[in-house]
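Per-entry structural report
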Amino acid sequence: ESQQYQFRVGECERFSAGVRFDISNGGSLRSKFIQGMGFITGIYEGNITPRIASKVGIMRLDKVGKINNGLNKYIVTLNDNRKWVIYSQVEDFRQVDPNSCVAGSQAGSGVIVQIAKLPPNSNDNCYDNVAGCYPTDMKISSSIDESSNSAQYSFNYITEGSSFSGKTVIWSLPHQYKSFDDETKRSDMNLQLDATVSGVMRAICTNKLTMRENLPDKSLAFDPWNENGGFKGYSQNALNLIREVCNREINGFDVCNASNTDSMYTAGKIVDKGAYLLFTAAFVINDDNLARVQLKKMKNAMARFIENKQQCPLIYDTNWKGLVSNAGLDGNFYKDFGNTFYNDHHFHYGYHI
């Protein structure tokens, strides 16, 4: 029977977000989406009947039985011959039409339904050890080892539910598993799936991914650098030319007025150019007087943005919890290159940083 429902998105954190359906008779379905999660997990409450559907079409639904922690297990084969596994307390999922299967009764309290795609050529039991546990958020931690000039960072998953292993399954990307520490490597489940755009993922039985990276040589900065010998400096001819151009640019370029635009992106590129000129005057040609001239210009230019007095100032978006330009408040998302609609913030603001 059709019910009216309310759909909400919330609990927006750095690496996760929550969704919730509330229907008119008091039932609800909630789920969390976290980067890397291996299962899609829905938590059902009250008078609501779990239903699973696929536009691909369902070829067959097989109930396998119970696994170690008491969850029922089903294997769904779609019309593309791909298999998916379902874990749930639901005892009686059954196929009701070519595209969906439905539980035979309402969920009750705290019933979970977990779905995961079975990788090609994998065993149907490959997820049994992690079923029932699911992440609800993720926090990053990191540290630097000065003695070895290396760093490590960890994705620490906050989980709910329980599994036979006490852990969940996380899909890792190539740049991550190539840097795993030994403990994370030992948790590899030897399962692979293709990511949409990021290459081949590997499944990890864990609540924590830890990566170790060698840091670049400390002499690597803005100046010319040689992989075998480190910083090499500039030739005298190069310095003469840089000095000539730097004097001409700083004396002829008013970064404060030039960056007075209605675009965070355009202004950012301009103040970024001014910052490189300042770096060059101070640290390449070592001209203190020229550096002071450019430093004053840069302070004046940056003050406009520090005080948020640019033509299109930043505002706090209470819906999606972010800083956006007010340039597109009239609905024209082309203004300021889509900044108001969260387009390209990583380099719009990166230039200023």
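Residues numbered from 1 in each chain as written. Predicted model: local features only at pLDDT ≥ 70, side-chain atom pairs only at ≥ 80, totals over all residues. Heavy atoms only, no water.

Digging into the overall build of the chain
Filter applied, for reference: Here a strand is any run of E in DSSP of at least two residues, a helix any run of H or I of at least four, and the numbering for each starts at the N terminus. Here the globule rule reads 2.2 Å times residues to the power 0.38, and the radius of gyration is calculated from C-alpha atoms. Only heavy atoms enter the contact rule, under which two residues are in contact if any of them lie within 4.5 Å. For the area figures, the Shrake-Rupley method with a 1.4 Å probe applies, and any residue is considered shielded solely by the protein chains shown. We score Asp and Glu as negative and Lys and Arg as positive, and we do not count His or the chain ends. For this purpose, a charge sits on NZ of Lys, CZ of Arg, CG of Asp or CD of Glu.
Along the backbone of the chain there are seven helices and 21 strands. What you see for the chain is a C-alpha radius of gyration of 28 Å, clearly larger than the 20 Å of a compact globule of 353 residues, by over 25%. For the chain, the spread of C-alpha atoms along the principal axes amounts to about 80 × 50 × 35 Å. Expressed as a percentage of contacts within the chain between residues at least 6 apart in sequence, the contacts between residues at least 24 apart total 54%. Total accessible area computed for the chain in this model is approximately 20000 Å², and 50% of it derives from carbon and sulfur atoms. Distance between charge centres in the chain, computed from 37 positive and 37 negative side chains, equals 0 Å.

Comments concerning the packing of helix H3 (residues 236-252) against helix H5 (residues 264-284)
Formally: Angles run from 0 to 180 degrees between N-to-C directions of axes, and those axes are lines fitted to C-alpha atoms, restricted for helices to the stretch in contact. Roughly parallel means an angle under 35 degrees; roughly antiparallel means over 145; roughly perpendicular covers 65 to 115; every other angle is labelled oblique. When the near helix sits turned anticlockwise from the far one by under a right angle, the crossing is termed left-handed; a clockwise turn instead gives a right-handed crossing. When residues are grouped by polarity, Ala, Val, Leu, Ile, Met, Phe, Trp, Tyr, Cys and Pro land in nonpolar, Asp, Glu, Lys and Arg in charged, and all others, Gly among them, in polar.
At their nearest, the axes of H3 and H5 sit 10 Å apart, and the two run at 135° to each other. Comparing their axes, H5 and H3 come out oblique. Of the two possible hands of crossing, H3 and H5 adopt the one that is left-handed. Within the contact between the two elements, H3 uses Leu239, Ile242, Cys246, Glu249 and Ile250 and H5 uses Lys273, Leu277, Thr280, Ala281 and Val284. Taken together, the residues that form the contact of H3 with H5 break down as seven nonpolar, one polar and two charged.

Quick notes on the pattern of salt bridges
How we decide: For this analysis, a salt bridge means a side-chain nitrogen from Lys or Arg found within 4 Å of a carboxyl oxygen belonging to Asp or Glu.
Taken as a whole, this structure holds 14 salt bridges when the rule is applied. One connected set of salt bridges, linked through shared partners, spans Arg8, Arg20 and Asp22.

Some words on the environment of Gln152
Our working rule: Throughout this description, a polar contact denotes any pair of N or O atoms lying within 3.5 Å of each other; where both atoms belong to protein, one of them has to be capable of donating a hydrogen while the other can accept it, and for residues adjacent in sequence the pair is counted only when both atoms sit in side chains.
Note that Gln152 resides in strand E13 (residues 150-161). Placed 11 residues apart in sequence, Gln152 and Ser141 show a C-alpha to C-alpha distance of 8.5 Å. Setting aside anything within four residues of it in sequence, one finds Gln152 in contact with Ser141, Ser142, Ser143, Thr210, Met211 and Arg212. Among the polar contacts made by the side chain of Gln152, one reaches the side chain of Arg212 at a distance of 2.8 Å.

Side note on the environment of Asn240
Position of Asn240 among the secondary structure elements: in helix H3. Residues Asn240 and Ile285, 45 residues apart in the sequence, show an inter-C-alpha distance of 8.6 Å.

Examining the nonpolar core
Selection rule: In plain words, nonpolar cores are sets of buried Ala, Val, Leu, Ile, Met, Phe, Trp, Tyr and Cys residues tied together by side-chain atoms within 4.5 Å. Only protein chains enter the area calculation, which uses a 1.4 Å probe; residues under 20% of their type maximum are buried, those over 50% are exposed, and those in between are partly exposed.
Phe39, Tyr87, Tyr127 and Met189 are the most contacted members of the largest nonpolar core, which has 24 residues in total. Residue assignment for this core shows that the elements contributing at least two residues are strand E8 (83-88), strand E11 (108-117), strand E14 (168-172), strand E15 (188-194) and strand E16 (200-206). Judged by nonpolar contacts, the second largest core, of 21 residues, contains Ile250, Ile270, Ile285 and Ala301.

Examining the sheet that holds strand E2 (residues 16-23)
Formally: In this scheme, strands are said to pair when DSSP sees at least two bridges between them.
Spatial ordering of the open sheet is given by E1-E2-E3-E4-E11-E8-E7-E6, a layout of eight strands whose pairing is antiparallel. Each end of this open sheet is capped by a strand with a single partner; those strands are strand E1 (5-10) and strand E6 (58-66). Here the average twist between neighbouring strands, direction ignored, is 20°. The pairing of E2 with strand E3 (residues 28-34) spans seven bridges and is classified as antiparallel. Paired with Phe21 across the two strands is Leu29, which belongs to E3.

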